[in-house]
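Residue-level listing of the chains:
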Amino acid sequence: MQTKRAGRQTVQLSHPPSVVSFANIGGRMEGQGPLSDYFDELSPDTFFGKKTWEQGESAMQERVLRRALEKGGLTAGELDYVLAGDLLNQCIGTSFGLRSFHIPFYGLYGACSTMGESLSLAALLIDGGFARLAAAMTSSHYCTAERQYRMPVPYGSQRTPTAQWTATASGCCILGAQGDGPYITHVTCGRIVDWGITDANNMGAAMAPAAYDTLRAHFTATATGPEDYDLIVTGDLGLLGQQIVTDLFRQDGVDMTKNYTDCGLLLYHLEKQDMHAGGSGCGCSAAVFNGYLLRGLREGRWKRLLFAPTGALLSPTSSFQGESIPGICHAVALSAAKEGV
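Participant: How should I be thinking about helix H7 (residues 238–251) in this particular structure?
Facilitator: Helical periodicity: at 3.6 residues per turn, an α-helix aligns residues three or four positions apart in one direction. Between its terminal C-alpha atoms H7 stretches 20 Å, which fits the 20 Å expected from 14 residues at 1.5 Å a residue. Lining the buried residues of H7 we find helix H6 (203–222), strand S12 (260–262) and helix H8 (263–266). Following H7 by one or two positions, Gly253 has its phi on the positive side, about 80°.

Participant: Teacher, can you tell me more about the pattern of salt bridges here?
Facilitator: Think of it this way: side chains of opposite charge can pair up when their charged atoms draw near. Taken as a whole and judged by the stated rule, the model has eight salt bridges. When the shortest N-O distance is used, the salt bridge between Glu41 and Arg63 registers 2.2 Å. Of this pair, Glu41 sits in strand S4 (residues 41–42) while Arg63 sits in helix H2 (residues 53–71); the two residues are 22 residues apart in sequence, bridging distant segments of the chain. Classification of Arg63 by relative accessible area gives partly exposed; the value is 27%. For Arg66, the salt bridge identified is with Glu62, shortest N-O distance 3.3 Å. One end of the pair, Arg66, and the other, Glu62, are both in helix H2, four residues apart, so they sit about a helical turn from each other. Accessibility expressed as a relative area gives 38% for Arg66, which makes it partly exposed. What you see here is one network of salt bridges that share partners, running through Glu41, Arg63 and Arg67.

Participant: Would you mind going over the environment of Cys112 with me for this structure?
Facilitator: Looking at the secondary structure, you find Cys112 in the loop between strand S6 (105–107) and helix H4 (114–127). Looking at Cys112, the relative accessible area reads 10%, which means it is buried. In this structure, Cys112 is in contact with Leu87, Gly235, Asp236, Gly281, Cys282, Ser285, Pro309, Thr310 and Gly311, ignoring residues within four places of it in sequence.

Participant: For this particular structure, what's the right way to read the nonpolar core?
Facilitator: The nonpolar side chains of a soluble globular protein tend to be buried with one another. Leu119, Leu175, Ile184, Leu293, Phe307 and Leu334 are the most contacted members of the largest nonpolar core, which has 50 residues in total. In contact with Leu119, other than residues within four places in its own chain, are Ala136, Cys173, Leu175, Ile184, Phe289, Phe307 and Val332. Ranked by size, the runner-up nonpolar core spans 31 residues in total, among them Ala111, Ala210, Phe249 and Leu314.

Participant: Whenever I open this one, the packing of aromatic side chains confuses me. Can you help?
Facilitator: Inspection of every chain in the model, using the stated rule, returns eight aromatic pairs. Centre to centre, the rings of Tyr38 and Tyr292 are 5.1 Å apart; their planes meet at 85°, and the pair counts as edge-to-face. Note that Tyr38 is positioned in the loop between helix H1 (28–31) and S4 and Tyr292 in helix H9 (residues 282–298), a separation of 254 residues in sequence. Of the residues examined, Tyr292 reaches a relative accessible area of 18% and is grouped as buried. Ring centres 5.3 Å apart and planes at 10° place the aromatic pair Phe47 and Trp53 in the stacked group. For Phe47, a relative accessible area of 30% corresponds to the partly exposed category. Relative accessible area serves as the criterion here: at 16%, Trp53 is assigned to the buried category.

Participant: Help me understand the packing of H4 against H9 in this model?
Facilitator: Packed helices, taken two at a time, are described by the angle their axes make and the gap between the axes. In the contact formed by H4 and H9, the axes pass within 8 Å of each other and the chain directions differ by 55°. One element, H4, and the other, H9, form an angle in the oblique class. Residue-level contacts link Thr114, Met115 and Leu119 of H4 to Cys282, Ser285, Ala286, Phe289 and Asn290 of H9. Here the contact of H4 with H9 is composed, by residue class, of five nonpolar, three polar and no charged.

Participant: Explanation requested: H6 in the structure shown.
Facilitator: When the terminal C-alpha atoms of H6 are compared, their 29 Å separation across 20 residues agrees well with the 28 Å that a helix rising 1.5 Å per residue should span. Among the 20 residues that make up H6, 17 are buried, leaving the element largely enclosed by the rest of the structure. Note on H6: the residue one or two positions beyond its end, Ala223, has a positive phi of about 55°.

Participant: I tried to follow unusual backbone geometry on my own but got confused; where do I start?
Facilitator: The phi angle of most residues is negative, glycine excepted, and most peptide bonds adopt the trans form. The omega angle of the peptide bond from Gly181 to Pro182 is 0°, so this bond is cis rather than trans. Summarising the element assignment, Pro182 is placed in the loop between strand S9 (169–176) and strand S10 (183–188). Cis geometry is found at the peptide bond from Gly235 to Asp236, where omega equals 5°. In this structure, Cys91 takes a positive phi of about 50° despite not being glycine. With respect to the element layout, Cys91 can be found in the loop between strand S5 (81–85) and helix H3 (92–98). On the accessibility criterion, Cys91 (13% relative accessible area) is buried. One non-glycine residue, Ala111, lies in positive phi territory at about 55°. Mapping Ala111 onto the fold places it in the loop between S6 and H4. By relative accessible area, Ala111 is classed as buried at 2%.

Cut-offs applied
Residues numbered from 1 in each chain as written. Predicted model: local features only at pLDDT ≥ 70, side-chain atom pairs only at ≥ 80, totals over all residues. Heavy atoms only, no water. Helix = DSSP H or I, 4+ residues; strand = E, 2+ residues; numbered from the N terminus. Expected span 1.5 Å × (residues − 1). Contact = heavy atoms within 4.5 Å. Salt bridge = Lys/Arg side-chain N within 4 Å of Asp/Glu carboxyl O. Buried < 20%, exposed > 50% of the residue type's maximum accessible area, 1.4 Å probe, protein only. Core = buried A, V, L, I, M, F, W, Y, C linked by side-chain atoms within 4.5 Å. Phe/Tyr/Trp six-rings, centres within 6.5 Å; stacked < 30°, edge-to-face > 60°. Axes fitted to C-alpha atoms, helices over the stretch in contact; angles between N-to-C directions. Parallel < 35°, antiparallel > 145°, perpendicular 65-115°, else oblique. Nonpolar A, V, L, I, M, F, W, Y, C, P; charged D, E, K, R; others polar.

Put into structure tokens, the structure is as follows:
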């Protein structure tokens with residue numbers, strides 16, 4: 001089977017894969033946010049019953065995959081592949097969390113864009129006839145990310161106004177060649193975009209140019225615009241990054257104000273929970289997508305949705321060496337009903 005090319009970066013899927021099942025897990029702060037009712041599980045224990053935060057993040061991935069399988073009436077042995085990653089060095093949150101399932105595994109690193117990357121690749125595998133069922137998933141944990149990228153949590157460092165809160169959350173979406181939808185109709189692969197931002201506490205500004213680049217490529221390749229979607233969601237640009245994307249499109253004469261938002265703005269109460277610029281982390285967009293967004297598509301709240309998670313491709317080493325922060329954004333278009341088949 002061959003896919004139809006709809007542009008240099010965008011692929012229109014000939015046999016749109018269906019969302020078969022999805023699940024998400026969050027922590028204490030996520031349970032206090034506006035989307036608390038859209039979680040399958042919320043835990044007040046940041047360790048998730050384990051001895052370390054890193055082990056707790058692995059536990060999230062294990063539990064969210066089991067949840068998604070149970071909700072879909074599936075077993076691990078029925079999955080052809082699982083595509084997943086996280087923010088930790090060598091993706092240890094994922095590899096240790098999924099090692100007991102014995103499913104063929106592709107480990108991914110796209111930073112906070114990993115949910116979009118895993119969805120894109122799983123959809124392409126199924127559309128190409130190389131898989132029948134595949135799981136796409138990711139996670140992040142506030143304490144593990146702070147320890148690795150910034151300061152240990154007990155240090156109590158002050159957060160800047162542009163800082164975002166790394167979500168303690170995980171999300172899993174199982175795609176299949178058969179199903180009742182929603183369906184992934186298009187995949188747009190992002191390019192590495194670097195506009196020279198060096199502030200590791202200003203991720204929204206660093207990632208926004210990549211989101212703009214990918215969304216503009218998608219609109220061009222598909223001959224669509226914002227008005228053709230009921231909702232466009234990036235993640236996780238937060239307040240500042242979302243405004244930058246809106247301003248960049250305004251300069252092109254494109255109005256993004258009517259139906260565009262960001263997962264970093266949806267997951268938390270920004271002022272009530274003191275979230276500064278909003279949420280971030282792989283688990284932010286994963287939790288929002290595998291709860292609020294997919295449920296909304298299934299319930300008929302939206303018919304067409306464009307989901308475009310963004311990631312900052314930095315490490316502590318690159319920051320210490322004075323490198324700027326490259327960004328990446330992968331987008332998937334979803335439809336509540338099959339289109340063009």
